Amino acid sequence: MNSNKLTKNKITLDRYINLVMYSKKTGYYEKDKVFGRKGDFVTSPYISSIFGEIISIWITHHFTKRNVYNFNIFEIGAGEGLLALDIINTIHKFKSLNINFKYFIYEKSKFYKKKQKIKLKGKNIVWVNDLSNFKKKNCIILSNELIDAFPVKHLMKENNVWYEKYVRYNQEIKNFYLENIKINKDHEIYKKSYYPMNKLNFIEYEPDLENFLKKVSNLVKYCKNNIFITFDYGYNSIEFKNTLQAINKHKKVKIFNDIGNSDITHLVNFYYIKEIFKLNKVSNITYQSQSNFLINGGIKFRLQRILKILKNNKSKQKLKMSVKRLISKDQMGSLFKVFTAKI
Ligand SMILES: C[S@@+](CC[C@H](N)C(=O)[O-])C[C@H]1O[C@@H](n2cnc3c(N)ncnc32)[C@H](O)[C@@H]1O
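Along each chain, numbering runs from 1 in the same order as the chain's sequence is written. Whole-chain, interface and lining totals are the exception, using all residues; otherwise, since this is a predicted model, local features are given only for residues with pLDDT of at least 70 and side-chain atom pairs are given and counted only at 80 or more. Calculation of side-chain values draws on the structure's entire complement of heavy atoms; hydrogens and water are dropped beforehand.

Q: Could you give me a rundown of the packing of aromatic side chains, with the residues and numbers involved?
A: Geometrically, a pair of aromatic rings is defined through the distance of the ring centres and the angle of the planes. Note on aromatic contacts: the rings of Phe and Tyr and the six-membered ring of Trp form a pair at centre separations within 6.5 Å, being stacked when their planes are under 30 degrees apart, edge-to-face when over 60 apart, and tilted otherwise. Following the criterion strictly, the structure yields 30 aromatic pairs and no others. For the pair Tyr195 and Phe240, a centre-to-centre distance of 5.8 Å together with 55 degrees between the ring planes defines the contact as tilted. Of this pair, Tyr195 sits in the loop between β8 (175-182) and β9 (202-205) while Phe240 is found in the loop between β10 (227-235) and β11 (245-248), placing the two residues 45 residues apart along the sequence. Each residue is assigned to one of three classes by its accessible area relative to the maximum for its type, calculated with a 1.4 Å probe on protein chains only: buried under 20%, partly exposed between the two thresholds, exposed over 50%. Taking the relative accessible area as the measure of exposure, Phe240 reaches 11% and is therefore buried. Between Phe270 and Phe339, the ring centres sit 5.7 Å apart and the planes meet at 20 degrees, which makes this aromatic pair stacked. Of this pair, Phe270 sits in helix α8 (residues 270-279) while Phe339 is found in strand β16 (residues 336-342), placing the two residues 69 residues apart along the sequence. In terms of burial, Phe270 and Phe339 fall into one category: buried. Members of the aromatic cluster, each reached through a chain of ring pairs, are Tyr22, Tyr28, Tyr29, Phe35, Phe41, Tyr46, Phe111 and Tyr112. For the cation-ring pair, Lys108 lies above Tyr22, with the distance from its terminal atom to the ring centre recorded as 4.0 Å. For the purposes of this entry, the term helix denotes a DSSP run of H or I that reaches at least four residues, the term strand denotes a run of E that reaches at least two, and both are numbered from the N terminus. Lysine NZ or arginine CZ positioned within 6 Å of the ring centre and within 35 degrees of the ring normal marks a charge as sitting over the ring.

Q: Mind laying out the site of the ligand, listing which residues take part and the relevant values?
A: The ligand sits among 18 residues. The nearest are Tyr29, Thr43, Gly77, Glu107 and Asn144. N or O atoms closer than or at 3.5 Å make up a polar contact, with two conditions inside protein: a donor-capable atom paired with an acceptor-capable one, and, for residues adjacent in sequence, both atoms drawn from side chains. Measuring from a nitrogen atom of the ligand, one finds a backbone N or O atom of Gly77 at 2.8 Å. For the ligand, the protein covers 95% of the area, taking 590 Å² as the surface of the free molecule. Judged by the fraction of its atoms near the pocket grid, the ligand is located in the largest pocket. Residue classes follow a fixed rule: Ala, Val, Leu, Ile, Met, Phe, Trp, Tyr, Cys and Pro count as nonpolar, while Asp, Glu, Lys and Arg count as charged, and any other residue, Gly among them, counts as polar. Of the residues contributing to the shell around the ligand, the split by class is 10 nonpolar, five polar and three charged. Residues are labelled near a given molecule or strand when at least one of their non-hydrogen atoms is within 4 Å of it. For the area figures, the Shrake-Rupley method with a 1.4 Å probe applies, and any residue is considered shielded solely by the protein chains shown. Think of a 1 Å grid over the protein atoms and nothing else: a 1.4 Å probe that fits but is trapped marks a cavity, an open set flanked by protein within 12 Å on at least five of seven lines marks a pocket, and residues with an atom within 4 Å of a point count as lining. If over half the atoms of a molecule are within 2 Å of the grid points of a cavity or pocket, the molecule is regarded as sitting in it.

Q: Talk me through the packing of helix α4 (residues 50-64) against helix α5 (residues 82-93); I want residue IDs and the actual numbers.
A: In a pair of packed helices, the angle between the axes and the distance between the axes together describe the arrangement. Running from N to C, α4 and α5 cross one another at 55 degrees; their axes reach a closest spacing of 8 Å. Here α4 is positioned oblique relative to α5, judged by the angle of their axes. In this structure, α4 meets α5 at a crossing whose hand is right-handed. Across the interface between the two elements, Phe51, Gly52, Glu53, Ile55, Ser56, Ile59 and Thr60 of α4 pack against Leu83, Asp86, Ile87, Thr90 and Ile91 of α5. Residue classes in the contact of α4 with α5 are distributed as six nonpolar, four polar and two charged. Axes here refer to lines fitted to C-alpha atoms; in helices the fit is confined to the stretch in contact. Angles between the N-to-C directions go from 0 to 180 degrees. Geometric relationships in this document are graded by angle, where less than 35 degrees denotes roughly parallel, more than 145 denotes roughly antiparallel, 65 to 115 denotes roughly perpendicular, and other angles denote oblique. In this scheme, a crossing is called left-handed if the near helix is turned counterclockwise away from the far one by less than a right angle; it is called right-handed if the turn is clockwise. The criterion used for residue contact is that any of the two residues' heavy atoms lie within 4.5 Å.

What follows is the structure, given as structure tokens:
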């Protein structure tokens, strides 16, 4: 990454995250070995393809119950393309339903876009370059662990004065440190009326979120059958928590550790996702735990079906453990949420 940009002057926290995560060539998401056991973290598709299978059933059901057999799936932030592969392979198995579908991907990282093109070769995928101009009817807009990867700002109130967190570099001891700086009345936060500034003492928000959800809302509103579904870790509260974290090789580290090689994320506050959708006149919202979504979608039934087919005891055990990890309250089942929005 351009270290001059990081060390020369003070920069806001979100700018710091943007530079270390998304800088062309040197940003975290422009490098390999991010995902999987050998990388820094695993996402649900890496735990088992049963995750993608249940989503495929949900997608197919969403359309077939509306008598739609020709539909579009639009995934945003597809990483290595594993979820796309699972979904495409599963829906192809529903031959008797005579389904026709097209898969589209919008990906910010050049590196991962390239990886997706290799992994998904021959799968007839279209990569979208501009989110604003993408318009399709009968379209599922899907993402897994996308919004947690958006850069965040931290604002805090002390004695009725609001401050913003900045990152500074100490040239002498060659170290980064955080500093709170008073904000002015023209700060963008004052234009975001959905944050009740008088009731809050701390705000952790994604500056790119409003614009992103506006584009998603336009796509959702384009057709009554369109729906946005996102899976992410998070919570639902008018008050914010400080959830910023960095992960390196599956362990929590400081955000200034191994810069550009550690993942920096946060928990999504779905309360404000809902508020922004409402502002865009998309108010048919559902919010549930991942455990609820997968169990209602038939994951336990599907598990039993596969267990009957599997011969090897080790594979059976592995699959049971994976499903447990996806749905257990003390693992991903509770922390991960599933949010949908339609008109
Ligand atoms: C945590 S990874 C999740 C990848 C994948 N969905 C999975 O579950 O394995 C986040 C992905 O979103 C991409 N991304 C981050 N911000 C994005 C944005 N604003 N638009 C599109 N993709 C984005 C990253 O490059 C990366 O591929």
